[in-house]
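Examination of the molecular architecture
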Amino acid sequence: MSTNSSEFERARKVLVGGVNSAVRAFRAVGGTPRFIDRAEGAYMWDVEGKRYIDYLGSWGPMIAGHSHPHVLAAVERAARRGLSFGAPNVMESELAERICALFPQVERVRFTSSGTEAAMSALRLARGFTRRDSIVKFEGCYHGTADSLLVKAGSGALAFGTPSSAGVPDDLARHTLVAQYNDLASVEALFAAHPGRIACVIVEPMPGNMNLILPEPGFLAGLRALCTKHGALLIFDEVMSGFRVALGGAQQLVDVVPDLSAFGKVIGGGMPVGAIGGPAAIMEMMAPLGPVYQAGTLSGNPIAMAAGLATMDLIAEPGFFERLGAGCARLVEGLNAAAREAGVAFCARHRGGLAGLYMLATPPASFAQVQAQDVERFRRFYHLMLDEGVYLPPSPVEAFFFSGAHTDADVDATIAAARRALRALA
Ligand SMILES: *Cc1c(COP(=O)(O)O)cnc(C)c1O
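Every residue gets a number counted from 1 within its own chain, in the order that chain's sequence is written. Residues qualify for local features only when their pLDDT is at least 70, as the model is predicted, and side-chain atom pairs are given and counted only at 80 or more; totals for whole chains, interfaces and linings, by contrast, use all residues. The side-chain numbers reported here are obtained from all heavy atoms of the structure, hydrogens and water having been left aside.

The subject of this paragraph is the nonpolar core. Buried Ala, Val, Leu, Ile, Met, Phe, Trp, Tyr and Cys residues that are joined via side-chain atoms within 4.5 Å together make up what is termed a nonpolar core. The buried label goes to any residue with under 20% of its type's maximum accessible area, the exposed label to any with over 50%, and the partly exposed label to all in between, with areas taken from a 1.4 Å probe on protein chains only. Residues Ile99, Phe243 and Phe381 are the most contacted members of the largest nonpolar core, which totals 86 residues. Mapped onto the domain boundaries, this core takes at least three residues apiece from domain 1 (4-67 + 318-425) and domain 2 (69-315). Excluding residues within four positions of it along the chain, Phe381 makes contact with Phe346, Leu357, Met359, Leu392, Ala421, Leu422 and Leu425. Judged by nonpolar contacts, the second largest core, of 25 residues, contains Ile213, Leu220, Leu226 and Leu234. Each domain's extent is set by a domain assignment, obtained either automatically or from a database. In what follows, a contact means two residues having at least one pair of non-hydrogen atoms within 4.5 Å.

This is the structure in structure tokens:
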């Protein structure tokens, strides 16, 4: 019989660490990763037949729930017409039109096959457009695995970045300058130290990769002003927050307009997708119109476009985000009440369908505070919840994901499970 352990043992013989994306290996929480057999609505079932209420949502895309009939029908219809053409398809225009309609400054879109590619291509575009080499990123923000973005702060606040992964050349990493999120002064200092050399500032406007962190009032507007003043482009990486914290992404909530936006996850409805969007004057620097090269065999793939369009149909329905936000708020309030009852340093919060839970008495405002969590405690909480049939992202530095398929009963069951888990931790 197939079990999670037997499948993990098998996988480790042929896949590096048994997985195809590092964080799936459960290294941060220990134990055996669950091998998922199928998923429907708010649930996933592992190969042992155990059911989980799913708050991973494939790390964000499954905002309408798994295997939604409307999405499956669109994918089936598209699949019957061919899996990939390598030539234009009208669904690419349709999905781009929807994105342009939601983001007023987005006049042109380029689809890619992943968020990594979108962020990587946005950087190249910003560098090509400004004819500058340096970029600014924030400690704790994640933009996929492009070399220039796998960089952490060097020693000393104004030092050049150093690789956060082996295999990234120092010569490249030194073009990445690392600032602190919610600390405008750290960005000002970099602009002052590197005049005329910074091509762009790339930021998750509402970070979900150092758990959920909210921008402090004025922070993103301050970045906007600094970029404008110094002739650098502001790139909002909304691969996670886009179409999730609100239909128009974090930029709609904070009312700050970036030059370029990166999208992914939700816009593919569970199929591999990424996108860059921005004004024609910048976007048309890209090939075939401009000198910045960008291409992809499966970019704008018809199945991915169909899944994305069908997902957009669902989340653009009147009331979708109100219901999503209300359901997620109920969950967060229940978790906070459970923590108070148990007397445990634990809290949760959300924006739209993006949520964070923290082994902290109050929600964090910085990466340093996120890192101050008691990791051992999170591990115990994580496995207690998993045993209860609640699947959370397996790391204390990740946000969690609510979907339109989660019912009040699912929320109540999750709160009851958390109440028991937190009591066991007290
Ligand atoms: C997931 C993510 C990416 C990378 O997207 P992939 O599709 O995994 O390559 C980039 N930026 C942010 C903010 C993300 O959350």
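Once the structure has been displayed, the description carries forward.
Numbering goes from the N terminus for both helices and strands, where a helix is a DSSP run of H or I of at least four residues and a strand is a run of E of at least two. Within the fold, Ser261 resides in strand 11 (residues 260-264). You can call Ser261 buried: its relative accessible area is 0%. Pairs of N or O atoms are called polar contacts if they sit within 3.5 Å, as long as, within protein, a hydrogen donor faces a hydrogen acceptor (for residues adjacent in sequence, only side-chain-to-side-chain pairs). Looking at Ser261, its side chain comes within polar contact range of the side chain of Gln251, at 3.1 Å. Setting aside anything within four residues of it in sequence, one finds Ser261 in contact with Gln105, Phe236, Gln251, Ala275, Ile276 and Gly277.

So, about the packing of aromatic side chains. Aromatic contacts are taken between Phe, Tyr and Trp rings whose centres are within 6.5 Å, Trp giving its six-membered ring; a plane angle under 30 degrees counts as stacked, one over 60 as edge-to-face, and the others as tilted. Inspection of the entire model under this criterion finds 16 aromatic pairs. Geometrically, the ring pair formed by Phe103 and Phe243 is edge-to-face, given 5.5 Å between the ring centres and 70° between the ring planes. Placement of Phe103 in the loop between helix 3 (90-102) and strand 4 (108-112) and of Phe243 in the loop between strand 10 (233-237) and helix 8 (249-254) is noted, with a sequence separation of 140 residues between them. Like Phe103, the residue Phe243 is buried in the burial classification. Centroid distance Phe138 to Phe219: 5.7 Å. Interplanar angle 75°. Geometry classified as edge-to-face. Of the two residues, Phe138 sits in strand 5 (residues 134-138) while Phe219 sits in helix 7 (residues 219-230), which places them 81 residues apart along the sequence.

Criterion used throughout: strands pair if DSSP finds at least two bridges between them. Reading across the sheet, the seven strands line up as 4-12-11-10-9-5-8 and stay open at both edges, with mixed pairing between neighbours. The sheet is open, and its two borders are formed by strand 4 and strand 8 (176-179), each paired with just one other strand. Averaged over all pairs of adjacent strands, the angle between their axes in this sheet comes to 20°, without regard to strand direction. One ladder, built from three bridges, connects strand 5 with strand 9 (residues 198-203); its direction is parallel. Opposite Ile135, over in strand 9, you have Cys200 as the bridge partner. Geometry is summarised by axes, namely lines fitted to C-alpha atoms with helices restricted to the contacting stretch, and by angles between N-to-C directions that run from 0 to 180 degrees. Strands strand 4 and strand 11 of the sheet are contacted by helix 3, whose axis makes an angle of about 125° with strand 4.

In the neighbourhood of the ligand, the contacting residues comprise Ser114, Gly115, Thr116, Tyr142, His143, Gly144, Glu204, Asn209, Asp237, Val239, Met240 and Lys265. Between Thr116 and the ligand, the recorded distance is 2.7 Å, taken from a backbone N or O atom to an oxygen atom. For the ligand, an oxygen atom lies 3.0 Å from a polar atom in the side chain of Asn209. Relative to its unbound accessible surface of 380 Å², the ligand loses 83% to contact with the protein. Neighbouring residues are identified by heavy atoms, a residue being near a molecule or strand if any of them is within 4 Å of it. Surface accessibility follows the Shrake-Rupley procedure with a 1.4 Å probe radius. Residue values consider only the protein chains on display as shielding.

Let us now look at the environment of Gly352. Counting through the fold element by element, Gly352 comes out in the loop between strand 13 (347-351) and strand 14 (354-358). C-alpha of Gly352 to C-alpha of Ser241: the two residues are 111 residues apart in sequence and 9.3 Å apart in space. In this structure Gly352 touches Arg244, Val245, Leu324, Gly325 and Cys328, once residues within four positions along its chain are discounted.

Let's shift gears to the environment of Ser58. Topologically, Ser58 is positioned in the loop between strand 3 (51-54) and helix 2 (69-80). When its relative accessible area of 38% is taken as the criterion, Ser58 is described as partly exposed.

This part is about the side chain of His66. Relative to the assigned elements, His66 resides in the loop between strand 3 and helix 2. Note on His66: relative accessible area 12%, which makes it buried. A distance of 2.6 Å separates a polar atom in the side chain of His66 from a polar atom in the side chain of Asp54. When sequence neighbours within four positions are dropped, the list of residues in contact with His66 reads Ala39, Glu40, Gly41, Tyr43, Met44, Asp54 and Gly57.

What follows concerns the sheet that holds strand 13. Within the open sheet, the three strands sit side by side as 13-14-16. Their pairing is antiparallel. Edge positions in the open sheet fall to strand 13 and strand 16 (400-401), since each of these has one partner strand only. Against the sheet, helix 11 (residues 320-342) makes contact with strand 13, strand 14 and strand 16, and its axis sits at roughly 170° relative to strand 13, the strand it touches most.

Turning our eyes to something else, we now look at the domain arrangement of the protein chain. Segmenting the protein chain into domains produces domain 1 (4-67 + 318-425) and domain 2 (69-315). Distance from the C-alpha centre of domain 1 to the C-alpha centre of domain 2: 25 Å. Taken together, the contact between domain 1 and domain 2 spans 32 residues of the former and 27 residues of the latter. One speaks of a salt bridge when a side-chain nitrogen belonging to Lys or Arg is within 4 Å of a carboxyl oxygen belonging to Asp or Glu. Between domain 1 and domain 2 we count zero salt bridges in total. One can count 10 residue pairs in polar contact (both at pLDDT 80 or more) joining domain 1 with domain 2. When contributions to the side of domain 1 that touches domain 2 are tallied by element, the ones reaching two or more residues are helix 11, strand 13, strand 14 and helix 12 (367-371). It is strand 14 that contributes the most residues to the side of domain 1 that touches domain 2, five residues altogether.

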